[in-house]
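Each chain is listed here by its residues.
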Amino acid sequence: MDKKILGAVGAAIAIAMAVLILLPNTPSNLSPEPVSVSHNEKLGIIINPPSKEVTLDQLKKVYSEASLTGIGRNNLYLFWNHIEPQEDQYNWKDTDIMMSLNKQNGLAVTLYFSVVNGRITGPYPDWMGEPGLDPVLEKNLVKTLDAVLSRYDIIDYVIIGGELDSYFNDANGDVEQYNEFFNNIYTELKQKHPNVQFGNAFSLHNIVNKNLDHYVSDVDAGDFVAFTYLPVDRLNDISRTPEDAKKDLQKMLELVPDKKIGVFEISWSTSNFVNGSEQAQTKFIAESYDFYRENASKFEFFTWYRQYDRPEGTCGIEQNFPSPTITIAPGSGLGGNEYVKERLSKYTCNAGLIKTDNTQKSGWAEIKKQIQLSENS
């Protein structure tokens, strides 16, 4: 089967994790401060600085800026090899900073833990090798997630598998095996953390573009079903109008009639390289939050991707995973591998609401307006 290029979840993970703290980075530097704004825990913006090199003061400012919109949620993307580089030896340094800032700003957290990332699994720590979805991995995953959730009480949702549609369709993942794996983990973790909700995520645009509806119902497990959404075609070019994209969102309700839904990442790039614009982004923000308000009772969370653009050239797949082996066969009709990668990079680097020079796009004012309308509705 032809392998297509990695999707947006991987891009988001790398960007979220690639933050270098240049000032002292212990939680003691992050004493809580009063937060006066009202927060809606269902609504989030993925908080990120415009550069991967940032001081602690700059990072505090970015978090405060996002929090003042009225959001009550952020995402945490956690690589297993980052948090547990040696067996039973955890690296809490970076995550303590992020989680302290989330707590200080009154934000709950959706955790994305990297077991399945679309077409690939892991990345796993070196000490673990390349495990399959088996009892050994189950035992280690329960142990590590128990440690994470015990340390950070503001995590209330956990996504175990992301872009499962790509994992099953393009990577030939076994649905029955995954269901058994997930259910075993779910049972143990739910006993330890009954107030935390566990679920899986799918790529809505991939499902729509390839007619992969059945995978959502095939994975009938967990407390909720989450989705990412980009208004793109298979080449990662924006191919919808904001009104068309709103119709795509309606499909989530059809795919998941019996569970709560989480919108894990929803975005619209302003890069004209992929047919984006600030005007269209602003219009889609209005359309998407209108959709949310119409169906708020169905949603557990609704999170916009993301606060800041990133510098050109820092959003490619090479920043996400080491040496991914992904090719597109000649004659597939999908363009060359580099062609698709370039579009994903351009889309992702320009998907923010504020430019890297701190110039606010019109979408920043619009999303603040829509969050307040959602709070008051």
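Small disclaimer: the values here were computed from a predicted structure and weren't measured.

Visitor: Just give me the short version of the nonpolar core, but keep the residues and values in it.
Guide: Membership of the largest hydrophobic core comes to 105 residues, with the highest contact counts inside it found for Tyr-178, Phe-227 and Trp-304. Ignoring anything within four residues of it in the chain, the contact list for Tyr-178 reads Val-116, Leu-133, Ile-160, Gly-161, Leu-164, Phe-168, Asn-200 and Val-219.

Visitor: Can you tell me about unusual backbone geometry, naming the residues and giving the values?
Guide: Cis peptide bonds are those with omega within 30 degrees of zero, and the linkage from Gly-122 to Pro-123 qualifies with 5°. With respect to the helices and strands, the residue Pro-123 is situated in the loop between strand 6 (120–121) and helix 5 (135–151). With an omega dihedral of 5°, the bond running from Tyr-305 to Arg-306 counts as a cis peptide bond. With respect to the helices and strands, Arg-306 occurs in the loop between strand 11 (299–304) and helix 12 (337–349). Phi at Asp-88 is positive, roughly 65°, even though this residue is not glycine. The phi torsion at Asn-236 lies on the positive side, around 70°, for a residue other than glycine. The residue Asn-236 is located in the loop between strand 9 (224–229) and helix 10 (242–255) in this model.

Visitor: How would you explain the environment of Ser-297 if you had to name every residue and give the values?
Guide: Mapping Ser-297 onto the fold places it in the loop between helix 11 (278–294) and strand 11. Overall, Ser-297 belongs to the exposed group, its relative accessible area being 59%. Those residues in contact with Ser-297 that sit more than four places away from it in its chain are Lys-42 and Lys-260.

Visitor: Any chance you could break down the packing of helix 2 (residues 56–67) against helix 4 (residues 93–104) for me, citing the residues and the numbers?
Guide: Closest axis-to-axis distance for the helix 2/helix 4 pair is 10 Å, and the angle between their directions is 40°. With respect to each other, helix 2 and helix 4 are oriented oblique. For helix 2 against helix 4, the interelement crossing comes out right-handed. From helix 2, Leu-56, Leu-59, Lys-60 and Tyr-63 reach across to helix 4, where they touch Ile-97, Met-98, Leu-101 and Asn-102. For the contact of helix 2 with helix 4, the per-class residue count stands at six nonpolar, one polar and one charged.

Visitor: Quick one: what's the story with the side chain of Asp-156, residue by residue and with numbers?
Guide: Here Asp-156 shows up in strand 7 (residues 155–162). Exposure remark for Asp-156: the relative accessible area of 17% places this residue in the buried category. Not counting the four nearest positions on each side in its chain, Asp-156 is found in contact with Glu-41, Arg-73, Ala-108, Val-109, Asn-195, Val-196 and Gln-197.

Visitor: Tell me what's going on with the environment of Glu-375, and back it up with residues and numbers.
Guide: Its location among the elements puts Glu-375 in helix 13 (residues 362–376). Separated by 337 residues in sequence, Glu-375 and Ser-38 place their C-alpha atoms 8.5 Å apart. In contact with Glu-375, other than residues within four places in its own chain, are Ser-38, His-39 and Asn-40.

Visitor: Break down helix 11 for me, with residues and values.
Guide: Over its 17 residues, helix 11 extends 24 Å from the first C-alpha to the last, a length consistent with the 24 Å expected when each residue adds 1.5 Å. Residues of helix 11 that are buried include every one of Ala-280, Gln-281, Thr-282, Phe-284, Ile-285, Glu-287, Ser-288, Tyr-289, Phe-291 and Tyr-292, and no others.

Visitor: Go over the packing of helix 10 against helix 11, please, and point to the residues and values.
Guide: Contact geometry of helix 10 with helix 11 gives a least axis separation of 9 Å together with a crossing angle of 30°. The angle between helix 10 and helix 11 falls in the class roughly parallel. As helix 10 packs across helix 11, the resulting crossing turns out to be right-handed. In this structure, helix 10 uses Pro-242, Glu-243, Ala-245, Lys-246, Leu-249, Gln-250, Met-252 and Leu-253 to contact helix 11, whose residues at the interface are Ala-280, Lys-283, Phe-284, Glu-287, Ser-288, Asp-290, Phe-291 and Glu-294. Partitioned by chemical class, the residues of the contact of helix 10 with helix 11 number eight nonpolar, two polar and six charged.

Visitor: So what's going on with the side chain of Asn-117? Which residues, and what values?
Guide: Structurally, the position occupied by Asn-117 is in strand 5 (residues 108–117). Judged by relative accessible area, which is 4%, Asn-117 ranks as buried. Polar contacts involving the side chain of Asn-117 include one to the side chain of Tyr-112, which spans 2.6 Å. Polar side-chain contacts of Asn-117 include one of 2.4 Å to the backbone oxygen of Gly-122.

Definitions and cut-offs
- Residues numbered from 1 in each chain as written.
- Predicted model: local features only at pLDDT ≥ 70, side-chain atom pairs only at ≥ 80, totals over all residues.
- Heavy atoms only, no water.
- Core = buried A, V, L, I, M, F, W, Y, C linked by side-chain atoms within 4.5 Å.
- Buried < 20%, exposed > 50% of the residue type's maximum accessible area, 1.4 Å probe, protein only.
- Contact = heavy atoms within 4.5 Å.
- Helix = DSSP H or I, 4+ residues; strand = E, 2+ residues; numbered from the N terminus.
- Axes fitted to C-alpha atoms, helices over the stretch in contact; angles between N-to-C directions.
- Parallel < 35°, antiparallel > 145°, perpendicular 65-115°, else oblique.
- Left-handed = near helix turned anticlockwise from the far one by under 90°.
- Nonpolar A, V, L, I, M, F, W, Y, C, P; charged D, E, K, R; others polar.
- Expected span 1.5 Å × (residues − 1).
- Polar contact = N/O pair within 3.5 Å; in protein donor to acceptor, adjacent residues only side chain to side chain.

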